[in-house]
Amino acid sequence: MDLDVFAIQHDDGLGIGIPGPKAFDISVTQGTSGMIWGSLTLTRKQLADLRAGRMYVQINSEKAPDGNLTGWLLPPHPFPGEGVPVAGQGFLPQFEVKK
Amino acid sequence: MKKQLLVSSVLAAALLGVSAIALEQGPFTTDQSGAGRALYAANCGACHGATLAGAGEAPPLAGSTFLAAWGNRTTEEFYNLVKASMPYGNGNSLDADTYRRIVAYVLAYNGAQPGTKPLTGSENVKINTIADGKTPPALLAQQTTPARGGGGGGPRPATYYPQTRLGMTVTGTLPTYNPVTDAMLAKPADGDWLMYRRNYQGWSNSPLKQVTAGNVKNLQLQWSWAMNDGGAAQVTPIVHDGIMFLSGTANTVQALNAKTGELIWENRIGPPPTRAYGATRSLALYGDKVFVPTTDAKLYALEAKTGKIVWQAVIENAQEGYSNTGGAMTIRGKVLVGLTYCNRYQTKHCFISAYDTNTGKVAWRFKTIALKGEPGGDTWNNLPDEFRQGAETWIAGTYDPELNTTYWGTAQSKPWTRASRGTGAGATLYANSTLALDPDTGKLKWHYSHAPGENFDLDEVFERVLVDHGSSKDVLTIGKVGVLWKLNRVTGQYEDSAQTVFQNVFDKIDPKTGIPTYRKDVLDSKIGDWISSCPGPAGGHDWPATSYDPNSDLMIIPLHQSCVLMRAEPMEKKIGVGGNAGSQLLFEMPGTDGNLGRLSAYNTSTMKAAWSFQQKAPFLTGVLTTAGGVGFVGDYDRRVRGFETATGKTLWQTRLPTAAQGHIVSYAVDGKQYIAIESGLGGGSPVGKPATLLPGIHNPNNGNAIFVFALPDN
C-alpha cells in the first residue's frame, strides 16, 4: 500500500474539500492493519497551507491507484459528543469566502 | 448466426458510407439478460422507468445519454456501482445473481449481444465496445411495465405494496366539520394544524404549551397507525376540529379521529406507488374540501366529511414524466400547486398553477422558465426554448395576506451542470430563485436568483419563512448549499446571509446584492471533469424543513453534511431526451468527523448561530417548535429528540420502527396537546447518501406509520 500526501495550491484559489495536485509522497511503514506512519519536512508556505486546511492525506492501493481513503488535515476541533449542543455554530471549516 | 448478422450490419453500414464500429459480444448469456428483464422491472423500473429512460434523480440507463456516461467505463465498474448502491438507499440488498441478471438486461437493452459466458461482474470490458445504446426491436416490443405514475399492469416494484382495490375503500362521515375559512388560515386555531408548515408564514411552530421543557420527559405513546408501505412517505398530518387527514402512498387519503386514531374514511385514489415517489408532502384544506395533489400530476378535491371525490383536474400529463410531491396550499378560494420532474427536453415547461376550489377550473399558470423574448429569457445562453428545463416547485409555498403575495422556491435548471446544459454563465431564470407572486393572477411581483447558473444539483427550492423584524418584512430561506438567505419580502432586495455548514462552492458572496460567485474551477469545468461540491446534493439543507420560534427569534435548521465529486455528462439535445446528466462520487464532509447530521439554531435578526449540535445520522424530519419552549426533530437512525429550543439540549428521545420522516406536528383535542411523528421510507438524497456513508446504521425497508405522543392524563 502507498501513502501519498496531496497539497492544494493556494494560488489556484482552491481549498478544503477540493482535490489538487500531489505535493509529496511519504514513505510509510508497511502494513494492512493498525497504525501506519511516515514523516516529511514542510516549507514555510506548505506549513501555512497545512494550517489553513489545504492539505489532505490520500491512501492509494493497488486496486485503487487513484485513492482508497482521503482525510483532510484540519485544526483540532474538540467534539463534545453526538447530540451535545455547543454555543454558536461550533467548528465549521471556512472556505475562503469573500463577503 | 448472431456473429454473421453483426458482420453483415457493419458491411451494410460501410456500403452506405456510414462509419460504424463492430461491437463485440457481451460478457453475459441470453439466459441472464432474459431473466434480468423481470428483475429489472421489480427492482429498478419503478425509478428508472420501463424504457430505462430514467426520471427525476434516477438517470437514464439506456440510449445516448447512458452511453455518454458509461461508454468508456467497464462492465465491472457498472456492476460494482449497481451492486453497491441499488436499489436506491438499499444497496447490496439483492443476491449477486440478481445483480448480474439486471446488469445483463441493461447491457442487452443498450444493444449488447449475449455471448456464451455468463457475467460474473469482474469482466473488464468497456461498455462502448459491446453496446451502442440502440435497443433491439424485440426488447422494445416487450414493454409492459407501467411508467411511473401511469398505473396499469405489469410487474410491481420490489418494495411491497399490498394488492388492494382503489377508490373509496372505507366509507364514513365526520360527525361535524367546520368549513375552513380565509380567517382560519390567516390565524389558525391553537389546536389546529391546517397546512404544510401550520401557518401561512411557514413557521412550523405550535402555540400550544402544555408540553414544556420541564415535563417533556413524560411523553407517552397515545396511539399509532400503520400507513401504506411501498413508497416514500414524507407526510404532514393535517388536523382540523379533532380530525387528522393523512396522505399516504397510492395517493391514499385517510381521515382519523386525532384523539383515538380511529379511521373514519379512506379514499385510495391511486395509482399504486413506487419506491422513490410515493405520496404528497401535504394536503390542503379550504371550505368543506380536502385538496390532494397526486403523484400522477393531478389535483383532487375531496369532500372533507366523506372523502368522496368532488372534482379532479389534470395539472400535467404524468406519462411525460411529470409529478407532484410538494403538496398544495389554499389562498382566497384558490388551491395552488407546483410541479416536478420537468427534466426532459420538450416544448412544455414547469409551472405553478392555481385552481378554483369550488370547480377545479384553472385560474392561472406561472411558467418557471423564462423563454426567448420574455423577461429573463436572455439568461439561457440563447438555448432554444425546448432545451430550457428544470425550475421545479416541489415544496408548497407560503403567503403574506397583508401583501397578498405568495412566495415559492424553485429547483435548479436541468441538466444539473453548466457544461451539460450548455448555458454558459447564464443565470437560467427562474431556476433556484425565490418567486413572489400575486395569488389572484399568478403575476410575478419580483424574483431573486440565489444561485445564478447553478452547477451541482444544489436546489434552493425549499420553504420560504416569513418573519417581521420591526418594520422590516423579511423572507428567509436556505437551500442545499447551506447558506441561510434573508430578503426583504416587499421588494426582493437582499439583506443578509449566513453560512450554516462548510461550503466550498462559492468563493464570494457580494455583500450588497448577495450574488454568489462560483469557484474558478467550477466556471472552467467541462464535460467529464470531476469537480468537488461541498455540500453535495443531499444539502446543506434539504426537504426536512426548518421551524421558526417567534418567542426566541430562532430558526431551527436541520442540516446535512456530505460532499460529492460531480462529473458533468453529455446530454443529447433532442426532444424526449432528459435527465440530470451528473455522475457522483460521495465523500465525507471535511471537519465533520463523519457526522452527517447537524441541527443549528440561528437568530433571524442577527443571523448568528445560537447553538448547534452534530450527530452521525442526518435529520429526516422537519423541525417542530412549540410555545412550551420545546422542539422536536427525527433522524435516519429512527431517533426522535425533544430538545430545549433555547439551548438545543436533548430532554426526551425515543426510537421508531424505521427512519423518522416527514413533518412533525402538534395539535390539541379536548384541551390535550399531542405530538404526531411519522416513520417512513424514501426521501431522496438525504436517505440515499447516508445509506452509503453510514453502513453501520440499519433501518428497515418498511414501516410507514404515524405515532402520536402526549403527556399522561394524571
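This one's a predicted model, so the numbers in the text were calculated from it and none came from an experiment.

A. Representation of the overall build of chain A within the structure. What chain A contains, in helices and strands, is 1 helix and 5 strands. When the elements of chain A are put in sequence order from the N terminus, they spell out β-β-α-β-β-β. Counting the 99 residues in chain A, one finds 20% classified as buried.

B. Main features of helix 6 (residues 96-109) of chain B. Residue and element names in this part refer to chain B. Look at helix 6: 20 Å from first C-alpha to last across 14 residues, which is about the 20 Å you get at 1.5 Å a residue. Counting buried residues along helix 6, 11 of its 14 residues qualify, which places the element largely inside the surrounding structure. With its phi angle positive at about 95°, G111 sits one or two positions after the end of helix 6.

C. Region of the structure containing the interface of chain A and chain B. On the side of chain B, 32 residues touch chain A, which itself brings 29 residues to the contact. At the level of elements, strand 4 (69-72) and strand 5 (86-87) of chain A are the ones that each hand at least two residues to the side of chain A that touches chain B. When its residues are assigned to classes, the side of chain A that touches chain B shows 16 nonpolar, 9 polar and 4 charged. In terms of strand pairing, strand 5 of chain A meets strand 34 (residues 609-615) of chain B through 2 bridges, oriented antiparallel. Within the sheet, the bridge partner assigned to A87 of chain A lies in strand 34 of chain B and is W611 of chain B.

D. View of unusual backbone geometry. Residue and element names in this part refer to chain B. The omega torsion of the bond from L429 to Y430 falls at 0°, within 30 degrees of zero and hence cis. Structurally, Y430 is set in the loop between helix 9 (418-421) and strand 20 (433-437). In this model, G539 is joined to G540 through a cis peptide bond whose omega is 15°. Following the sequence through the fold, G540 ends up in the loop between strand 28 (530-533) and strand 29 (547-549). For S204, which is not a glycine, the phi torsion comes out positive at approximately 50°. In this fold, S204 is placed in the loop between helix 8 (182-186) and strand 2 (205-206). Not every positive phi belongs to a glycine, and N381 is a case in point at roughly 55°. Locating N381 in the fold gives a position in the loop between strand 15 (362-367) and strand 16 (389-390).

E. Structural detail: the nonpolar core. All names here are of chain B. Membership of the largest hydrophobic core comes to 204 residues, with the highest contact counts inside it found for F291 and V335. It is helix 6 that contributes the most residues to this core, 9 residues altogether. Each of domain 1 (2-140) and domain 2 (315-542 + 562-593) accounts for three or more of the residues forming this core. Every residue in contact with V335, bar those within four places of it in the chain, is listed here: A284, Y286, F291, L299, A328, T330, A354, Y355 and T357.

F. Representation of helix 4 (residues 63-70) of chain B in the model. Of all 8 residues in helix 4 of chain B, 7 are buried, a share of seventy percent or more. All of the buried residues in helix 4 of chain B are G63, T65, F66, L67, A68, A69 and W70 of chain B.

G. Here's a closer look at the confidence of the model for chain B. Per-residue pLDDT for chain B averages 91, and the proportion of residues at 70 or more is 93%. We note a pTM of 0.89 for the whole complex and an ipTM of 0.88 for its interfaces.

Basis of the calculations
- Residues numbered from 1 in each chain as written.
- Chains lettered and ligands numbered in written order.
- Predicted model: local features only at pLDDT ≥ 70, side-chain atom pairs only at ≥ 80, totals over all residues.
- Helix = DSSP H or I, 4+ residues; strand = E, 2+ residues; numbered from the N terminus.
- Buried ≥ 20, exposed ≤ 12 C-beta atoms within 10 Å, placed from the backbone.
- Expected span 1.5 Å × (residues − 1).
- Contact = placed C-beta atoms within 7 Å.
- Nonpolar A, V, L, I, M, F, W, Y, C, P; charged D, E, K, R; others polar.
- Pairing = 2+ DSSP bridges.
- Core = buried A, V, L, I, M, F, W, Y, C linked by C-beta atoms within 7 Å.
- Domains from an automatic or database assignment.
- pLDDT = per-residue confidence, 0-100.

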